[in-house]
Amino acid sequence: MKTREIGQSGIFASELGLGCMSIGTEEKQAEAILKTALDQGITYFDTADLYDFGVNEQLVGKALHSVRDQVVIATKAGNRWTDTKDRWTWDASKTYIKEAAKQSLKRLGIDYIDLYQLHGGTLDDPIDETIEAFEELKSEGLIRAYGISSIRPTVINEYVKRSNFSNVMMQYSILDRRPEMQALPILAENGVTVAARGPIAFGLLSPKWRDKLPKASKKGLKWYNEAELEKVLTSLEKELPAGRTLNGLAFRYVLQHPAAATVVAGASSVEQLKENARAVQESALTEEEYKWVQDISKTADYDAHRL
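Just so it is clear, the model here is predicted, and its values are computed rather than measured.

Our next topic: the packing of helix H7 (residues 209-216) against helix H8 (residues 226-238). Their axes nearest at 10 Å, the elements H7 and H8 cross at an angle of 155 degrees. Between H7 and H8, the angle is such that the two are roughly antiparallel. The interaxial crossing formed by H7 with H8 has right-handed handedness. Residues Trp 209, Arg 210, Leu 213 and Pro 214 of H7 form the contact with H8, whose own contacting residues are Glu 226, Leu 229, Glu 230, Leu 233, Thr 234 and Glu 237.

For Val 155, the position within the fold is in helix H5 (residues 153-162). Taking the C-alpha atoms as reference points, Val 155 and Thr 122, separated by 33 residues in sequence, lie 6.1 Å from one another. If sequence neighbours within four positions are ignored, Val 155 has contacts with Gly 121, Thr 122, Leu 123, Ile 148 and Ser 150.

Here 8 strands make up a closed barrel; going around it, the order is E3-E4-E5-E8-E9-E10-E11-E12 and the pairing parallel. Taking each pair of neighbouring strands and ignoring which way they run, the sheet shows an average axis angle of 30 degrees.

Take the packing of aromatic side chains next. Applying the stated criterion across every chain, the model contains 5 aromatic pairs. On the basis of an interplanar angle of 70 degrees and a centroid distance of 5.7 Å, the ring pair of Tyr 116 and Phe 134 is categorised as edge-to-face. Of this pair, Tyr 116 sits in strand E8 (residues 113-118) while Phe 134 sits in helix H4 (residues 127-139), and the two are 18 residues apart along the sequence. Since its relative accessible area comes to 0%, Tyr 116 is described here as buried. Here Phe 134 falls in the buried class, since its relative accessible area comes to 1%. Where Tyr 159 meets Phe 165, the ring centres are 6.0 Å apart and the plane angle is 45 degrees; that geometry is what we call tilted. By way of ring pairs, the aromatic residues Tyr 116, Phe 134 and Tyr 146 are connected into one cluster. In this structure, Arg 68 is placed above the aromatic ring of Tyr 112, and the distance from its NZ or CZ to the ring centre is 4.2 Å. Against the face of Tyr 224 rests Lys 298, its NZ or CZ located 5.3 Å from the ring centre.

Moving on to a positive patch on the surface. Together, Lys 208, Lys 212, Lys 215 and Lys 219 line one region of the surface with positive charge. Checked against the element boundaries, Lys 212 lands in helix H7. We classify Lys 212 as partly exposed; its relative accessible area is 40%.

Further remarks concern helix H11 (residues 287-296). Since one α-helical turn is 3.6 residues long, residues separated by three or four positions face the same way. Taken together, the buried positions of H11 are Glu 289, Tyr 290, Trp 292 and Val 293. Considered in projection along H11, the buried side chains sweep an arc of 160 degrees and stay on one side of the axis. Among the exposed residues of H11, those oriented more than 90 degrees off its buried face are Glu 287, Glu 288 and Asp 295. If you follow the buried residues of H11, they end up packed against H8 and helix H9 (246-256).

Turning our eyes to something else, we now look at the pairing of strand E3 (residues 16-19). Of the two faces of E3, the one lined by Leu 16 and Leu 18 and the one lined by Gly 17 and Gly 19 are each fully buried. Note that E3 and strand E4 (residues 44-46) share 3 bridges and pair parallel. Looking at the pairing, Leu 18 lines up with Phe 45 of E4. Crossover E3 to E4 through helix H1 (residues 27-39) is right-handed.

With that settled, the discussion passes to unusual backbone geometry. Notably, Asp 52 is not glycine yet its phi reads approximately 50 degrees, a positive angle. The residue Asp 52 is located in the loop between E4 and helix H2 (55-64) in this model. Note on Asp 52: relative accessible area 29%, which makes it partly exposed. Although it is not a glycine, Phe 53 sits at a positive phi angle of roughly 55 degrees. With respect to the element layout, Phe 53 can be found in the loop between E4 and H2.

Definitions and cut-offs
- Residues numbered from 1 in each chain as written.
- Predicted model: local features only at pLDDT ≥ 70, side-chain atom pairs only at ≥ 80, totals over all residues.
- Heavy atoms only, no water.
- Axes fitted to C-alpha atoms, helices over the stretch in contact; angles between N-to-C directions.
- Helix = DSSP H or I, 4+ residues; strand = E, 2+ residues; numbered from the N terminus.
- Parallel < 35°, antiparallel > 145°, perpendicular 65-115°, else oblique.
- Left-handed = near helix turned anticlockwise from the far one by under 90°.
- Contact = heavy atoms within 4.5 Å.
- Pairing = 2+ DSSP bridges.
- Phe/Tyr/Trp six-rings, centres within 6.5 Å; stacked < 30°, edge-to-face > 60°.
- Buried < 20%, exposed > 50% of the residue type's maximum accessible area, 1.4 Å probe, protein only.
- Lys NZ or Arg CZ within 6 Å of the ring centre and 35° of its normal.
- Patch = residues over 30% accessible without salt bridge, like charges linked within 9 Å, V, L, I, M, F, W, Y side chains within 5 Å.
- Areas by Shrake-Rupley, 256 points an atom, 1.4 Å probe, with all protein chains shown as cover.
- Salt bridge = Lys/Arg side-chain N within 4 Å of Asp/Glu carboxyl O.
- Lys, Arg positive; Asp, Glu negative; His and termini not counted.
- Charge placed at Lys NZ, Arg CZ, Asp CG, Glu CD.
- Arc of directions from axis to C-beta.
- Right-handed = clockwise from strand over helix to strand, strands pointing away.

Geometric values such as these leave the question of function open.
Below, the structure written as structure tokens:
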């Protein structure tokens, strides 16, 4: 599988990354998914301290221990579970970020995190203090690079201006092209890359989209109504170029953007993971195919957080 550099960090990620949130907490099943990912050439693994109260990090670390020097492990911090573990609060303070990193390292069983990310972010955060925490972790050798997980152009722009961060994780797909309006141009211009989550758009950009449509149409694609989604998906499926699949088109569209480093897709089964790996290895889109997708789908922008 091909790899791309994360920002200007010298760290290279496989074009398909595994979003580990969906691997579950049953160790054998989780291990099977993670080992299959390795077999398929995936080297980028995304987790977070929030997932399953840290159990996800433990499973990821254990399964990847023997290949540590061959993989990129990305994790996140900022969401802080309460003592009762029934909800979490937001904490982007320097003290918390540095402590959270040490706890993640312990759960993962590793000496350093390849990409450490703020799991959100607002303009009300102590941004300079947050950046200081990441920079200190980097100088201490506990992380190799840092980034944020955010869809907010206003927040992203502040990190572009104030920090040396490498990457932004954000939702991006054929059906959610909001990043193209503001965020992606800023990032591409400044040598910052994107790890795109949600490339299949709640399962809509797959052969099973008709089964997914009733529920998925209500899940945050409000610039489309259900009838419009059906029309777009019918057109994409009906007019697919020879040799392409709908999910392959979805992955390759996201990877076409110059800011894209990797597409991060979850998998709750070995079969789903193998299908994602097959799809992402379809050939790059031609200019005509890329324009065709854009002509069929909608552009949109964020209601809030705009520059």
